[in-house]
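Analysis of the macromolecular model
Letter by letter, the chains look like this.
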Amino acid sequence: MPATVFYLLLTCRTEEASLLSFPAPLPTLRSLWSPKDCLLVLAWLGLQAALYMLPMGKVTEGIALRDKSRLQYRVNGSHAMLVTALVLGAGLAAGLRLSYIYDHFLQLAFSASLIAFGLSIFLYLKSLFAPETALAPSGNSGNPIYDFFMGHELNPRLGAFDLKYFCELRPGLLGWALINMAMLVKETELRASPSLAMILVNGFQLLYVVDAFWHEEAILTSMDIIHDGFGFMLAFGDLTWVPFVYSLQAYFLVNHPQKLSLPMAGGIILINGLGYSIFRGANSQKNTFRRNPADPRVAGLRTIPTATGRRLLASGWWGFVRHPNYLGDLIMAFAWSLPCGLTHTLPYFYILYFTVLLVHREARDERQCLRKYGLAWQEYCRRVPYRIFPYIY
């Protein structure tokens, strides 16, 4: 995972920007290590941790754990995003040079990687003293390397501070938006004004980030929270992979500017709008049904009863394909890449990786649902034969 991050970032800096061309020469470790940049990453994490702990927003309960208890979570991501924007605005007004992020991108990514490794080691050592009921089903194999990667403990906490829940959204997603803005500022410094392509990439991905925080509570029912432990996979993914790989399109555009006509831009906006409509519609329908199946917005949808006493949605978006939210996600990812043109594969790495990720995640979903719902899940699969792509897969 770290090698992939740096391969992509180094390749993006080359003139060819070809995934098939090795980016030589490689930087030395001495050139990558910067105490100042490490402190900046730690300061960013500290700011977000402080905002997470502030008594803003509401406190809600997660799903029941194996010992029947429910953890409490402070849902204040939208407040943290607003305060972060105000702090950033004040910094820019005071002369903060945001393009510093572009100039030190490799050093910042290296520091984030070291911090993710350090956090992962701490998490594994901490998990050795956790009770059996606190361990994660997916990270309790007995193989220390596998458990270190997957996460041995399900919900590691320091007092009331939930490490996994905090890392899942706060530093990574907001960091992604911040990096994108830094790339826009750098392009403005180089070419006097931001390109339409850069504006689209920033706008599309900012919408995604804002949506995630607006619907933050929904993450409490995601696989990451209820099933996966918190180990290197999620720690590195949240702190390094998300902010430094998901911003690849904006980083690419600084080094390889693209011109977009207004009709092309309009078409790309429509594609992103389609993807977002499917993504948000499917997730909202699912979350509304989970909270209150009698809600008028979902009460008329067809369902399948299960042996657990719950019901499976079998119409609406969830009667179209089994994972319509994944379909919307992939359509949006395609729209994010299109402003970068069609001459390079590199900006499309995100959608290629994301397709593999979601197909793999979908397979994990299917196995768990089959174990949990049995015959009801088989009936659902019979009624809704396509997994993600209608009439294809």
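Note that the structure is predicted; figures quoted are calculated from it, not measured. (Residues numbered from 1 in each chain as written. Predicted model: local features only at pLDDT ≥ 70, side-chain atom pairs only at ≥ 80, totals over all residues. Heavy atoms only, no water.)

1. Structural notes on the overall build of the protein chain
- When helices and strands are tallied, the protein chain shows 16 helices and six strands.
- For the protein chain, whose C-alpha radius of gyration is 22 Å, the value lies close to the compact-globule estimate of 21 Å for 393 residues.
- Expressed as a percentage of the 393 residues in the protein chain, the buried residues total 52%.
- Looking at the protein chain alone, contacts between residues at least 24 apart form 75% of all its contacts between residues at least 6 apart.
- If you sum the accessible surface of the protein chain, you get close to 18,400 Å²; carbon and sulfur atoms cover 67% of it.
- Taking the average location of the 33 positive side-chain charges in the protein chain and that of its 25 negative ones, the two points are 5 Å from each other. (Helix = DSSP H or I, 4+ residues; strand = E, 2+ residues; numbered from the N terminus. Rg over C-alpha atoms; globule rule 2.2 N^0.38 Å. Buried < 20%, exposed > 50% of the residue type's maximum accessible area, 1.4 Å probe, protein only. Contact = heavy atoms within 4.5 Å. Areas by Shrake-Rupley, 256 points an atom, 1.4 Å probe, with all protein chains shown as cover. Lys, Arg positive; Asp, Glu negative; His and termini not counted. Charge placed at Lys NZ, Arg CZ, Asp CG, Glu CD.)

2. Here we look at the packing of helix α13 (residues 262–291) against helix α14 (residues 324–337)
- Packing of α13 against α14 brings their axes to within 8 Å, and their N-to-C directions diverge by 155°. The angle between α13 and α14 places the two elements in the roughly antiparallel class. The two elements α13 and α14 cross, and the hand of that crossing is left-handed. Across from I268, I271, N272, L274, G275, Y276, I278, F279, A282, N283 and K286 in α13, the residues of α14 making contact are P324, N325, L327, G328, D329, I331, M332, F334, A335 and W336.
- Here the contact of α13 with α14 is built from residues that sort into 14 nonpolar, five polar and two charged. (Axes fitted to C-alpha atoms, helices over the stretch in contact; angles between N-to-C directions. Parallel < 35°, antiparallel > 145°, perpendicular 65-115°, else oblique. Left-handed = near helix turned anticlockwise from the far one by under 90°. Nonpolar A, V, L, I, M, F, W, Y, C, P; charged D, E, K, R; others polar.)

3. Brief notes about the pairing of strand β2 (residues 72–75)
- Burial along β2 is one-sided: Y73 and V75 are buried, while Q72 and R74, pointing the other way, are not.
- One ladder, built from four bridges, connects strand β1 (residues 58–61) with β2; its direction is antiparallel. If you follow K58 over to β2, its bridge partner there is V75. (Pairing = 2+ DSSP bridges.)

4. Overview of the side chain of Q107
- Among the secondary structure elements, Q107 is positioned in helix α6 (residues 105–127).
- Aside from chain neighbours lying at most four places away, what touches Q107 is S31, L32, S34 and D37.

5. Topic: a nonpolar patch on the surface
- Taken together, the side chains of I121, L125, L128 and F129 present a nonpolar region at the surface, about 460 Å² in accessible area.
- For L128, a relative accessible area of 48% puts it in the partly exposed group. (Patch = residues over 30% accessible without salt bridge, like charges linked within 9 Å, V, L, I, M, F, W, Y side chains within 5 Å. Salt bridge = Lys/Arg side-chain N within 4 Å of Asp/Glu carboxyl O.)

6. Topic: the packing of helix α9 (residues 196–214) against α13
- Direction vectors running N to C along α9 and α13 enclose 10°, while the axes themselves pass 11 Å from each other. By the angle class used here, α9 and α13 are roughly parallel. Residues L196, L200, F204, L207, Y208 and D211 of α9 form the contact with α13, whose own contacting residues are L262, A265, I268, I269, N272, Y276, F279 and R280.
- Within the contact of α9 with α13, the residues separate by chemical class into 11 nonpolar, one polar and two charged.

7. A word on the confidence of the model for the protein chain
- Averaged over every residue, the pLDDT of the protein chain is 92; the share at 70 or more is 100%.
- No element of the protein chain has a lower mean pLDDT than helix α10 (residues 223–226), at 82, and none a higher one than α6, at 97. (pLDDT = per-residue confidence, 0-100.)

8. Re helix α11 (residues 232–245)
- Helix length check: α11 (14 residues) gives 17 Å between terminal C-alpha atoms against 20 Å at 1.5 Å per residue, more than 12% under.
- For α11, the tally of buried residues reaches 13 of 14 residues, placing the bulk of the element in the interior. (Expected span 1.5 Å × (residues − 1).)

9. What about the packing of aromatic side chains?
- Counted under the stated rule, the structure contains 31 aromatic pairs.
- Ring centres of W336 and Y350 lie 5.5 Å apart, and the angle between their planes is 35°; this geometry places the pair in the tilted category. Note that W336 is positioned in helix α14 and Y350 in helix α15 (residues 349–373), a separation of 14 residues in sequence. Pair check on accessibility: W336 and Y350 agree, each one buried.
- Measuring from centroid to centroid gives 5.2 Å for Y386 and Y391, while their planes differ by 55°, and the two rings are tilted. (Phe/Tyr/Trp six-rings, centres within 6.5 Å; stacked < 30°, edge-to-face > 60°.)

10. Some remarks on the UniProt feature "transmembrane region" (unreviewed entry) in the protein chain
- Listed under "transmembrane region" (unreviewed entry) in the UniProt record, and renumbered for this structure, are residues 38–57, 78–98, 104–125, 190–210, 230–248, 260–279 and 330–359.
- Here residues 190–210 runs as 81% helix and 0% strand, with 28 Å between its end C-alpha atoms.
- Between the end C-alpha atoms of residues 330–359 the distance is 11 Å, and the span holds 63% helix and 0% strand. (UniProt positions renumbered as here; feature names shortened; annotations may be inferred.)

11. Re the side chain of T60
- With respect to the secondary-structure elements, T60 resides in strand β1.
- A relative accessible area of 13% means that T60 is categorised as buried.
- A polar contact of 3.1 Å, which involves the side chain of T60, links it to the side chain of E217.
- Apart from residues lying up to four places away in sequence, T60 is in contact with L71, Q72, Y73, V75, E217 and L220. (Polar contact = N/O pair within 3.5 Å; in protein donor to acceptor, adjacent residues only side chain to side chain.)

12. A closer look at the environment of P137
- Examined against the element boundaries, P137 turns out to sit in the loop between α6 and α7 (144–150).
- For P137 and H227, which are 90 residues apart along the polypeptide, the C-alpha to C-alpha distance reads 6.6 Å.

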